[in-house]
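Structural features, examined
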Amino acid sequence: MKIAVQSEPFDLGAETSAFSAAVTGAGAAGAIVTFTGLVRNDGGALSAMEIEHYPGMTEKAIAAIADEAVRRWSLADVLVIHRHGRLAPGETIMMVATAAPHRADAFAAAEFLMDYLKSRAPFWKKEIGADGSDWVAAKDADEAALKRW
Amino acid sequence: MKIAVQSEPFDLGAETSAFSAAVTGAGAAGAIVTFTGLVRNDGGALSAMEIEHYPGMTEKAIAAIADEAVRRWSLADVLVIHRHGRLAPGETIMMVATAAPHRADAFAAAEFLMDYLKSRAPFWKKEIGADGSDWVAAKDADEAALKRW
Amino acid sequence: MIDVLYFAWVRERIGLPREKVETSAATVADLIDQLRAREDRYAAAFADLSALRVALDQELSSFDAPLSGVREVAFFPPMTGG
Amino acid sequence: MIDVLYFAWVRERIGLPREKVETSAATVADLIDQLRAREDRYAAAFADLSALRVALDQELSSFDAPLSGVREVAFFPPMTGG
């Protein structure tokens, strides 16, 4: 299991390759799911996204969410990378990857990780545009998404 | 949209990078989901997997499934690569990638593509082991999975 | 004349991947009856239709579909891609 | 003495990211009452508790949780990661 909280960009292709190589070497995985979150352009209105986090708590919260995924599903491996700081449109914000013997587990675990990272890991997004900046409001739908697990 | 049916291996990391670069350039995507299917080792019992397909129909069937995904969800792009021929344990069999403004669409479309590729694209898997070979039987669960869409 | 294709264990049981068949069968089911009557290997391949699928001109179809105008019929087991 | 941390717009409204607070508050709610009474900027930050979350020693908690033994309290809006 790899968990990284960092301001530096990460290479989605290289991370995906490395994750895949590690689980295929072991041979038990038949399915890998990755999710990558990007800063949307929103028609040019957004000039940057600033992501604040709670150092110390962030790593612990992500580890607890990943541990819960490992308890719930039959997984060969889990990866979570989440950035903070100032990001330009098109930049990768974060990624998760799950490996499992079967595809249903890999998909369910990846969606679970995303739902919980969204609402239970201490990150806050601020959108910075030409007309000023605004904290992204949490959506009721994101809180509701937790109820399905 | 890219659809490839090939016997050659593909580079999961490079395909993921290229797919991501294409959609982030356009700026509308906030979410990318990839699924990769691998030949499982199954405790060393499997020496190879042979994948037969129906040239001509395969490409059309995959294109129809991908078109249906584009109709049902708000997607920025779709990728499907599926191999045929003889594959060793640990090798990648296939991948799908979806890009969407929002994560729910990217996840749903990727799962839809997988469910339909599994049971509606003309591929047949044969497992080759030390004690002989056997065609993989279709699972009732795979047919049932289509009903949720 | 119609092209008939076989895949996976259907191909293995019948012993060939494709053949041209002279037929006046009205439906897929009629064609299957004609093939079954040929030899044991065909009878064995078509013994249990619930384990078979059919495509007409590369589109999934059903056993009661008409064959008129069809150039290519393919028989195979349920697909196991992905 | 307890470390009190603020994030996102809570930090911006109060004007600082963290401070040490001398308190004998029994619960988080008591601590909030004490902070609200200090200055308008605190009153503004804590005006609507439904828009706030609290973590005690880096674990999500609730406003009625006891503060005994707690070294670090953090206040912030609902999280928006992922």
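A few points on the structure. Computed from a predicted model, the values in this text were never measured in an experiment. (Residues numbered from 1 in each chain as written. Chains lettered and ligands numbered in written order. Predicted model: local features only at pLDDT ≥ 70, side-chain atom pairs only at ≥ 80, totals over all residues. Heavy atoms only, no water.)

**Thoughts on the overall build of chain A**
Of the regular secondary structure elements, chain A holds four helices and eight strands. In chain A, the succession of helices and strands from N to C terminus is β-α-β-β-α-β-β-β-α-β-β-α. Over its C-alpha atoms chain A spans a radius of gyration of 16 Å, differing by no more than 12% from the 15 Å that the globule rule assigns to 149 residues. Considering only C-alpha atoms, chain A reaches an extent of 50 × 35 × 30 Å along its principal axes. (Helix = DSSP H or I, 4+ residues; strand = E, 2+ residues; numbered from the N terminus. Rg over C-alpha atoms; globule rule 2.2 N^0.38 Å.)

**Observations regarding the packing of helix α2 (residues 57-72) of chain B against helix α3 (residues 103-120) of chain B**
Residue and element names in this part refer to chain B. The geometry of α2 relative to α3 is characterised by a closest axis approach of 10 Å and an angle of 155° between their N-to-C directions. For the element pair α2 / α3, the angle class is roughly antiparallel. Read as a crossing pair, α2 and α3 show a hand that is right-handed. Residue-level inspection shows Ala-61, Ile-62, Ile-65, Ala-66, Glu-68, Ala-69 and Arg-72 of α2 in contact with α3, the latter providing Phe-112, Leu-113, Tyr-116, Leu-117 and Arg-120. For the contact of α2 with α3, a count of residues per class yields nine nonpolar, no polar and three charged. (Axes fitted to C-alpha atoms, helices over the stretch in contact; angles between N-to-C directions. Parallel < 35°, antiparallel > 145°, perpendicular 65-115°, else oblique. Left-handed = near helix turned anticlockwise from the far one by under 90°. Contact = heavy atoms within 4.5 Å. Nonpolar A, V, L, I, M, F, W, Y, C, P; charged D, E, K, R; others polar.)

**Topic: the environment of B:Thr92**
All names here are of chain B. Along the chain, Thr-92 turns up in strand β6 (residues 92-100). For Thr-92 and Asp-11, which are 81 residues apart along the polypeptide, the C-alpha to C-alpha distance reads 8.8 Å. Not counting residues within four places of it along the chain, the set of residues in contact with Thr-92 comprises Phe-10, Thr-36, Gly-37, Leu-38, Arg-83 and Leu-87.

**Comments concerning the interface of chain D and chain A**
Every contact between the two is made by 20 residues of chain D and, on the other side, 25 residues of chain A. At the boundary of chain D with chain A, total buried surface from both sides reaches about 1800 Å², with 57% on carbon and sulfur atoms. The three residues of chain D that bury the most area against chain A are D:Met79, D:Thr80 and D:Gly82, which together make up 39% of that side's buried surface. Remark: the boundary between chain D and chain A carries two salt bridges. Between A:Lys126 and D:Glu12 there is a salt bridge; the shortest N-O distance is 2.3 Å. Across the contact surface, chain D and chain A share 14 residue pairs in polar contact (both at pLDDT 80 or more). Here the element with the most residues in the side of chain D that touches chain A is helix α1 (residues 8-14) of chain D; it accounts for four residues. In the side of chain D that touches chain A, the residues fall into 12 nonpolar, four polar and four charged. (Buried area = accessible area lost by both parts, 1.4 Å probe. Salt bridge = Lys/Arg side-chain N within 4 Å of Asp/Glu carboxyl O. Polar contact = N/O pair within 3.5 Å; in protein donor to acceptor, adjacent residues only side chain to side chain.)

**Considerations on the pattern of salt bridges**
This model, assessed by the stated rule, comprises 32 salt bridges over all chains. Residue C:Asp33 pairs with C:Arg36 through a salt bridge whose shortest N-O separation is 3.2 Å. With C:Asp33 and C:Arg36 both in helix α2 (residues 28-36) and three residues apart, this pair spans about one turn of that helix. Relative accessible area serves as the criterion here: at 44%, C:Asp33 is assigned to the partly exposed category. Residues D:Arg41 and D:Glu39 are paired through a salt bridge, measuring 2.7 Å at the closest nitrogen-oxygen approach. The network of salt bridges with shared partners includes A:Arg103, B:Glu111, B:Asp115, B:Asp142 and B:Arg148. (Buried < 20%, exposed > 50% of the residue type's maximum accessible area, 1.4 Å probe, protein only.)

**Some thoughts on the nonpolar core**
One recurring pattern in soluble globular proteins: nonpolar side chains tend to sit buried together. Judged by nonpolar contacts, the single largest core of 65 residues is most densely connected at A:Val96, A:Leu117, B:Val96 and B:Leu117. Looking at which element gives the most residues to this core, the answer is α3(B), with 10 residues. Residues in contact with B:Val96, not counting those within four places in the same chain, are B:Val33, B:Thr34, B:Phe35, B:Leu79, B:Val80, B:Ala110, B:Leu113, B:Met114 and B:Leu117. In terms of nonpolar packing, the next biggest core, distinct from the first, is built from 35 residues, A:Met57, A:Trp124, D:Tyr6 and D:Met79 among them. (Core = buried A, V, L, I, M, F, W, Y, C linked by side-chain atoms within 4.5 Å.)

**Concerning the packing of aromatic side chains**
Tallied over the full model, the rule gives 26 aromatic pairs over all chains. For the ring pair A:Trp124 and D:Phe7, a centre distance of 5.1 Å and an interplane angle of 15° mean the geometry is stacked. Highlighted residues: A:Trp124 in strand β7 (residues 123-129) and D:Phe7 in the loop between β1 (2-6) and α1, drawn from two different chains. Seen in terms of ring centroids, D:Tyr6 and D:Phe75 are 6.5 Å apart; in terms of plane orientation they differ by 15°. Their pairing is stacked. Remark: D:Phe75 occurs in strand β5 (residues 72-76) and D:Tyr6 occurs in strand β1; sequence separation between them is 69 residues. Summarising the burial analysis for this pair, D:Tyr6 and D:Phe75 share the class buried. One aromatic cluster is present, built from ring pairs that chain together A:Tyr54, A:Trp124, D:Phe7 and D:Phe76. For the cation-ring pair, C:Arg38 lies above C:Tyr42, with the distance from its terminal atom to the ring centre recorded as 5.2 Å. (Phe/Tyr/Trp six-rings, centres within 6.5 Å; stacked < 30°, edge-to-face > 60°. Lys NZ or Arg CZ within 6 Å of the ring centre and 35° of its normal.)

**Comments concerning the side chain of B:Arg103**
On the secondary structure map, B:Arg103 appears in helix α3. Not counting residues within four places of it along the chain, the set of residues in contact with B:Arg103 comprises A:Phe35, A:Met114, A:Asp115, A:Lys118, A:Asp142 and B:Ala31.

**Section: the relation of the copies chain A and chain B**
Least-squares fitting of chain A to chain B yields an RMSD of 0.0 Å, with the transformation described by 0.0 Å of translation along the axis and a rotation of 180°. Viewed as a symmetry operation, the transformation between the two copies matches a two-fold axis. Among all C-alpha atoms of chain A, that of A:Gly13 lies closest to the rotation axis, at 2.0 Å. When the interface residues of chain A are mapped onto chain B, 100% of them again fall at the interface, so both copies present the same face. (Least-squares fit on C-alpha atoms with pLDDT ≥ 70 in both.)

**Describing the pairing of strand β4 (residues 77-83) of chain A**
All names here are of chain A. The buried count for β4 comes to seven of seven residues, which makes it a mostly enclosed element. The two faces of β4 match: Asp-77, Leu-79, Ile-81 and Arg-83 on one face and Val-78, Val-80 and His-82 on the other face are all buried. Both β4 and strand β6 (residues 92-100) contribute to a ladder of six bridges, which runs antiparallel. Paired with Ile-81 across the bridge in β6 is Met-95. (Pairing = 2+ DSSP bridges.)

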